Amino acid sequence: MEAISSFSGKNKNVRTRFAPSPTGLFHIGSARTALFNYLFAKKEEGSFILRIEDTDKERSNSIFENDIIENLKWLGILWDEGPVYNEEKINGKNFIGDYGPYRQSERTEIYKKYLEKLLEEKKAYYCFCTPEELEAKRQYQISIGNPYHYDGKCAGLSEKEILDNLKQGKKYVIRLKVPAKKIEINDLIRGKVEFNTELLGDIIIAKDLNAPLFNFSGAIDDFEMKITHVIRGEDHLSNTPKQIIIQEALGFYRPYYAHLPLILGPDKSKLSKRHGAVSVSEYKKDGYLKEALINMIALLGWNPGNEKEIYSLKELIKDFSIEKINKSGAIFNIKKLDYLNGFYIRQKSINEITELCLPYLIEARLIIPIIKEQERILSFKNSFEKEIIQEKFLTESEKEISLEEIKKIISLYQERLKKLSEVVELTDFFFKKEIKYEKDLLKWKTMTEKDLLYVLDKLEEILSKIEEKDFNKDNLKEILDLESEKTGKELNMIGDRGHLLWPLRVALTGKEASAGPFEIAEILGKDETIKRIRAAKNLILDK
RNA sequence: GGCCCUAUCGUCUAGCGGUUAAGGACACCACCCUUUCAAGGUGAAAACACGGGUUCAAAUCCCGUUGGGGCCA
């Protein structure tokens, strides 16, 4: 039996790969496959490789390749080697992630060499059977209750027949002779899995000499790239015996295999577009942090064996082990992602979270940066403290607002955010000239319109008396607490500050949920606060 | 249809024959805090698919059934 090495010590020879086809946006399931390959390689201090499997020219698109690359980098899943496309980077500083990916479309010569070798050694042969012919045979076999596989007709073609057919330009495929045998795989996750090759028939390995099929090019590349561990989704388990047959025909070593359970949608089928957002870029745009995404997908199908739930990429590398990967599929639970995202958002410093939120506010046109080069504000990084702190913005209501003030606003909402994108709807009232709401929203519990007008009058009166320089949350709290005792008695709502604070909050925000009114009033300032209280009165009086 | 994989609370999972009247997390519910919403705190409810074995003892091992999934066609 093949020894299942647990690789418990460091093994720097470990080489893993992530081999996506660029036929769609970078998928959350692919991200997890990439992550696990990365974690295992890093854990062993080995290498992790990115290989773009773009042999299917019809379906491959560089847009998708870019999406994969961009998001891998964003997540911090960086590969260790690859072609360097930019000369300058060879002489200059060359760091991980600067490498391009390996592309199968650039390696057809390599596959061709092996294809010719197999043909020469008579381990593979040209097959000229037409699709109609094959379909007819298939139907017949099924009708008599047999499982269908190719009957090997073209394996017996003479040298002359082959040449004649080729000369005539007949369409062909290349088939590999498949010996009838049992293939046993010792999957690192699933244990022993057996396949019978008799059910396969002679498999197609290429459409022509320049067009190898996925199973063939993959097997070649895993060998050429000295991959030791093939970690991939369970959907590839059925492909494994085919690849092993190819390896055996070519005399290659066999890598270790580990087939990950699939990530499922709520209906338990493989997670796909019809379940909603599945691409990493969509989650990123929606305001999920990479920390949350990494933490989430790592814990889908893997767990450390203790009760730790919060994991950084670094900690994952430290604790990761293939043995702890589960066997059954896991449903992707967006609520848990939300929880993790909220958690990581709360961990951020105010500068970090402001930097993260700013693009959303700008995109919603709530604020516009007042600087010559607008690009700078979107890409600021290190100079945050020194430079950006001076930056000014123009609000939607065309008032100037400093970054310092925006920071204050965001810090009020930091612990309320589940996703960065929510910052827009939560804080829009700070930036808008006019806020719209139903007047009934102003009423607290059993208050009448008369009570409400009385309270709003009182608020205006009291707040007007406070000097501009004393218009801060602590003072406001002290003064309004005192006032609410009086008005509470008058309105028969003793001890219930809501009769004063609820209308105030709604007048300032137009929302039924928000941060505290004292903090909000301080940021809005005395003039704006009083203006909004008056607007509330007018709303009630239908003016 | 054939082959293969899989099965613990609604969800993610711990459990690797006896310290388990099955533990944690998310979600849900209640309470506390509180002007609202969050956050935080406390607590509740919630699962070993089924049937056979093996064993003194099974969620844990074996077989089957059923369910779910994947691949191929």
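Located above this text is the structure these notes cover.
Note that the coordinates shown come from a computational prediction; the quantities given were computed from them, not determined experimentally.

*Asks:* I'd like a description of the overall build of chain A, backed by residues and values.
*Replies:* When helices and strands are tallied, chain A shows 21 helices and 16 strands. In summary, chain A has a C-alpha radius of gyration of 32 Å against a globular reference of 24 Å for 543 residues, an excess of more than 25%. With the C-alpha coordinates of chain A rotated into their principal frame, the extents come out at 105 × 60 × 50 Å. Within the span of chain A, comprising 543 residues, buried residues form 49% of the whole. Taking the intrachain contacts of chain A between residues at least 6 apart in sequence as the baseline, contacts between residues at least 24 apart amount to 73%. About 27700 Å² of surface is accessible on chain A, with carbon and sulfur atoms providing 50% of the total. When the 89 basic and 90 acidic side-chain charges of chain A are each reduced to a single mean position, those positions are 2 Å apart.

*Asks:* Let's hear about the protein's contact with RNA strand B: which residues, and what values?
*Replies:* The environment of RNA strand B is formed by 45 residues, the closest being R138, R190, N303, E415 and R497. Between a sugar or linking oxygen of RNA strand B and a side-chain N or O atom of E234, the distance comes to 2.8 Å. Note that a phosphate oxygen of RNA strand B is positioned 2.9 Å from one of the side-chain N or O atoms of K270. When contributions to the surface near RNA strand B are tallied by element, the ones reaching two or more residues are strand 7 (191-196), strand 13 (330-331), helix 12 (334-347) and helix 19 (498-509). Among the residues forming the surface near RNA strand B, the class breakdown is 15 nonpolar, ten polar and 20 charged.

*Asks:* Help me get a handle on the state of the cysteines, residues and values and all.
*Replies:* Enumeration over the complete set of coordinates arrives at zero disulfides. Between C154, a free cysteine, and C129, which holds the nearest cysteine sulfur, the sulfur-to-sulfur gap is 3.5 Å.

*Asks:* Account for helix 20 (residues 517-524), naming residues and giving values.
*Replies:* By the criterion of burial, helix 20 is predominantly enclosed, with six of the eight residues buried. Every buried residue belonging to helix 20 is among P517, F518, I520, A521, I523 and L524, and all of these are buried. At its buried positions, helix 20 is contacted by helix 15 (403-413), helix 16 (423-431), helix 18 (473-490), helix 19 and helix 21 (526-540). Positive phi shows up at G525, right after helix 20, with a value of about 90°.

*Asks:* Before we move on, can you summarise a nonpolar patch on the surface with the specific residues and values?
*Replies:* Among the surface-exposed residues, I368, I370 and L394 lie close enough to one another that they form a single nonpolar patch of about 210 Å² accessible area. Structurally, the position occupied by I370 is in the loop between strand 14 (367-369) and helix 14 (374-379).

*Asks:* Tell me what's going on with the packing of aromatic side chains, and back it up with residues and numbers.
*Replies:* Within this structure, the stated rule accounts for 17 aromatic pairs. When the ring of Y283 is compared with that of F332, the centres are 5.9 Å apart and the planes differ by 65°; the resulting orientation is edge-to-face. Highlighted residues: Y283 in helix 9 (residues 280-286) and F332 in the loop between strand 13 and helix 12, separated in sequence by 49 residues. On the basis of relative accessibility, which here comes to 9%, the residue F332 falls in the buried class. Put simply, the rings of F36, W302, Y311 and F320 pair up and form one aromatic cluster. One residue, R175, lies across the ring of Y150, its end atom 3.6 Å from the ring centre. Cation over ring: K308 sits above Y311, and NZ or CZ is 4.9 Å from the ring centre.

*Asks:* Just give me the short version of the pattern of salt bridges, but keep the residues and values in it.
*Replies:* Taken as a whole and judged by the stated rule, the model has 47 salt bridges. Close ionic contact of K432 with D428 constitutes a salt bridge, the shortest N to O distance being 3.7 Å. Owing to a relative accessible area of 15%, D428 belongs among the buried residues under this scheme. The partner of E528 in a salt bridge is K531, and the shortest N-O contact between them spans 3.5 Å. Separated by three residues within a single helix, E528 and K531 lie in helix 21, roughly one turn from each other.

*Asks:* Can you explain the sheet that holds strand 14? Please cite residues and give values.
*Replies:* Taken together, three strands build an open sheet; the order of strands is 14-15-16 and the sheet is antiparallel. Each edge of the open sheet is held by one strand with a lone partner, namely strand 14 and strand 16 (400-402). On average, each strand axis in the sheet is tilted by 40° relative to the strand beside it, whichever way the strands run. The pairing of strand 15 (residues 392-395) with strand 16 spans three bridges and is antiparallel. Residue pairing for strand 16: F393 is matched across the bridge by I401. The sheet strands contacting helix 15 are strand 14, strand 15 and strand 16, and the helix crosses strand 16 at an angle near 70°.

*Asks:* Tell me what's going on with the environment of D222, and back it up with residues and numbers.
*Replies:* Residue placement: D222 occurs in helix 7 (residues 214-224). Accessibility expressed as a relative area gives 4% for D222, which makes it buried. Spatially, the C-alpha atom of D222 lies 9.6 Å from that of R15, the residues being 207 residues apart in sequence. Apart from residues no more than four positions distant in its own chain, D222 is found in contact with R17, R51, I227, V230 and Y253.

Here is what the cut-offs are and how they apply
- Residues numbered from 1 in each chain as written.
- Chains lettered and ligands numbered in written order.
- Predicted model: local features only at pLDDT ≥ 70, side-chain atom pairs only at ≥ 80, totals over all residues.
- Heavy atoms only, no water.
- Helix = DSSP H or I, 4+ residues; strand = E, 2+ residues; numbered from the N terminus.
- Rg over C-alpha atoms; globule rule 2.2 N^0.38 Å.
- Buried < 20%, exposed > 50% of the residue type's maximum accessible area, 1.4 Å probe, protein only.
- Contact = heavy atoms within 4.5 Å.
- Areas by Shrake-Rupley, 256 points an atom, 1.4 Å probe, with all protein chains shown as cover.
- Lys, Arg positive; Asp, Glu negative; His and termini not counted.
- Charge placed at Lys NZ, Arg CZ, Asp CG, Glu CD.
- Near = heavy atom within 4 Å.
- Polar contact = N/O pair within 3.5 Å; in protein donor to acceptor, adjacent residues only side chain to side chain.
- Nonpolar A, V, L, I, M, F, W, Y, C, P; charged D, E, K, R; others polar.
- Disulfide = S-S within 2.5 Å.
- Patch = residues over 30% accessible without salt bridge, like charges linked within 9 Å, V, L, I, M, F, W, Y side chains within 5 Å.
- Salt bridge = Lys/Arg side-chain N within 4 Å of Asp/Glu carboxyl O.
- Phe/Tyr/Trp six-rings, centres within 6.5 Å; stacked < 30°, edge-to-face > 60°.
- Lys NZ or Arg CZ within 6 Å of the ring centre and 35° of its normal.
- Pairing = 2+ DSSP bridges.
- Axes fitted to C-alpha atoms, helices over the stretch in contact; angles between N-to-C directions.

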